[in-house]
Amino acid sequence: MKRIGIMLDWSIMVKGRDGQNSYERIPYYVEIGKELGLEPVFFHPRHVLKGDKRVQGYFWNGSRLIPRLVSVPRVIHNRVLTGDARARAVISRLSKKRKVFNGLVVRDKRKVHQMLWKNKHIRQYLPYTVPYSGEVLERFLDHYRTVYIKPAIGSVGIGVARIEQHGNEFLFISSKVKKRVTRKQLLYMVKRWVGQRRFLVQQGIPLARYEGKTFDIRVSVQKDREHQWTISGMVAKVANQKNKLSNLSRGGKAVPLTKAMEQTFAEEEQQEVIERIGRAAIAIATEYARHFPSLADLGMDMGIDQQGNPYLIEVNVRDQRYSFFKAGEKEMFKQTYRRPMEYALSLLQGSSVQPKADSKQFA
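To continue, consider unusual backbone geometry. With a phi close to 70 degrees, His 227 is a non-glycine residue in the positive phi region. Following the sequence through the fold, His 227 ends up in the loop between strand 14 (213-223) and strand 15 (229-238). Not every positive phi belongs to a glycine, and Arg 321 is a case in point at roughly 70 degrees. Mapping Arg 321 onto the fold places it in the loop between strand 18 (310-316) and helix 9 (322-326).

Now the structure itself:
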């Protein structure tokens, strides 16, 4: 049986070793691997031995991960998201010696936005986004009723703030703060919020609503065994009314997309809107991967307005996927594991199209 490497975050490896559950469904990799004739080897970059030829790999025994020293697999799916320099150095080296897909890429939201903006066909999907400054924020407040302040690099809604205009006052909302202030107070408050960190100011899109709450859409965009970008699933994430964040870790709720859409769109409109979202997601993935050829597994957060027009909120290069599980979309959830395994098999079989080491400046 051929081996496929699955690089996981350190905390996931520890939980797997101790037989504890995590958002990574390790048994899915094993089950799907058996169907495809693949044996997954789980490891963290720090498990790779000097010389990058051997690795302290871990194998699933039905209840937990057990160690075994083996050769580094020829094909590796990178699921690690880390700022650790040593781990990133290992990933970078392996990308030159093995076929590593979803390698190190630029994650700075500003750089990604600039990269995508250059494609005139994709601009229609991009909310206006620029680096934060007090002057920029004032201009945004003059033009948009809703504005977002978000870290240039971040995830799961940490550090994101939403600003809503209500007459002559503004409502500042984050995961921990909800306060109505004057414009002058708001500008001072945001300046303190940002501090010395790099933040962005983003146009707020008037999102469609479900049960009176806005929702966005997690779209799993993955390469299939023919190396074509395809949609593995879509699920709605409904915002928490208190903090207006849809991230599940911040109180958001996952529901099937068709259920979320039924209060805004007629049944005959829903499929058309879904297809529109899919076309936008594939176009964005194609452009992103043009700069970073190793990409093969993305989770996009997209929004739709009340006319069904899609907008990109952000691209996640390590989609945790559990929003599909939380919404009860078990087939979609499993599909998000199957597609990368099928893609890995095609790489092992020597398909003419192979991921290359990404050459752009890493963030």
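To continue, consider empty space enclosed by the protein. Under the criterion given, the structure shown has two cavities of 30 Å³ or more. Each pocket or cavity is described by its volume, and for the second largest cavity that value is around 90 Å³. Lining the second largest cavity are 11 residues; nearest its centre among them are Leu 81, Arg 88, Leu 104, Arg 107 and Arg 318. Taken together, the residues that form the lining of the second largest cavity break down as seven nonpolar, one polar and three charged.

Our focus in this paragraph is the pattern of salt bridges. In total, this model carries 23 salt bridges according to the counting rule given. Among the salt bridges present, the one from Asp 216 reaches Lys 237, with a minimum N-O distance of 3.6 Å. One end of the pair, Asp 216, is in strand 14; the other, Lys 237, is in strand 15, with 21 residues separating them in the sequence. Owing to a relative accessible area of 4%, Lys 237 belongs among the buried residues under this scheme. Between Glu 287 and Arg 290 there is a salt bridge whose closest N-O contact spans 3.0 Å. Taken together, the residues Glu 287 and Arg 290, both in helix 8 (residues 267-291) and three residues apart, mark about one turn of the helix. Residue class for Glu 287 comes out buried when judged on its relative accessible area of 6%. Through salt bridges that share partners, Asp 216, Arg 218, Lys 237, Asp 301 and Asp 319 make up one connected network.

Attention shifts here to the nonpolar core. By size, the foremost hydrophobic cluster in this structure holds 41 residues, and its most contacted members are Phe 215, Tyr 288 and Met 300. Those elements that place two or more of their residues in this core are helix 4 (109-117), strand 14, strand 15, helix 7 (257-261), helix 8, strand 17 (297-304) and strand 18. Ranked by residue count, the leading element in this core is helix 8, at nine residues. Ignoring sequence-local partners within four residues, the contact set of Met 300 consists of Ile 217, Arg 218, Val 219, Val 221, Ala 281, Ile 284, Ala 285, Leu 312, Glu 314 and Val 315. Counting residues in each nonpolar core, the second largest holds 30 residues, with Phe 324, Met 341, Tyr 343 and Ala 344 among its members.

Moving on: the layout of surface pockets. The computed volume of the second largest pocket comes to approximately 260 Å³. Lining the second largest pocket are 15 residues, with Arg 145, Thr 146, Arg 162, Pro 206 and Arg 209 sitting closest to its centre. The set of elements that each furnish at least two residues to the lining of the second largest pocket consists of strand 8 (146-151) and strand 9 (161-166). Here the lining of the second largest pocket takes four residues from strand 9, the largest share from any one element. Partitioned by chemical class, the residues of the lining of the second largest pocket number four nonpolar, six polar and five charged.

Across the interface, helix 2 (residues 26-36) lies against helix 10 (residues 330-348) with an axial gap of 10 Å and an inter-helix angle of 50 degrees. By the angle between their directions, the pair helix 2 and helix 10 is classed as oblique. In this structure, helix 2 meets helix 10 at a crossing whose hand is right-handed. Where helix 2 abuts helix 10, its residues Tyr 28, Tyr 29, Glu 31, Ile 32, Gly 33, Glu 35 and Leu 36 lie against Phe 333, Lys 334, Tyr 337, Arg 338, Met 341, Glu 342 and Leu 345. When grouped by side-chain class, the residues that make up the contact of helix 2 with helix 10 number eight nonpolar, one polar and five charged.

Conventions we followed
- Residues numbered from 1 in each chain as written.
- Predicted model: local features only at pLDDT ≥ 70, side-chain atom pairs only at ≥ 80, totals over all residues.
- Heavy atoms only, no water.
- Helix = DSSP H or I, 4+ residues; strand = E, 2+ residues; numbered from the N terminus.
- 1 Å grid on protein atoms, 1.4 Å probe; cavity = no way out; pocket = protein on both sides within 12 Å on 5 of 7 lines; lining within 4 Å.
- Points joined across faces, edges and corners; volume = space filled by probe spheres on them.
- Nonpolar A, V, L, I, M, F, W, Y, C, P; charged D, E, K, R; others polar.
- Salt bridge = Lys/Arg side-chain N within 4 Å of Asp/Glu carboxyl O.
- Buried < 20%, exposed > 50% of the residue type's maximum accessible area, 1.4 Å probe, protein only.
- Core = buried A, V, L, I, M, F, W, Y, C linked by side-chain atoms within 4.5 Å.
- Contact = heavy atoms within 4.5 Å.
- Axes fitted to C-alpha atoms, helices over the stretch in contact; angles between N-to-C directions.
- Parallel < 35°, antiparallel > 145°, perpendicular 65-115°, else oblique.
- Left-handed = near helix turned anticlockwise from the far one by under 90°.

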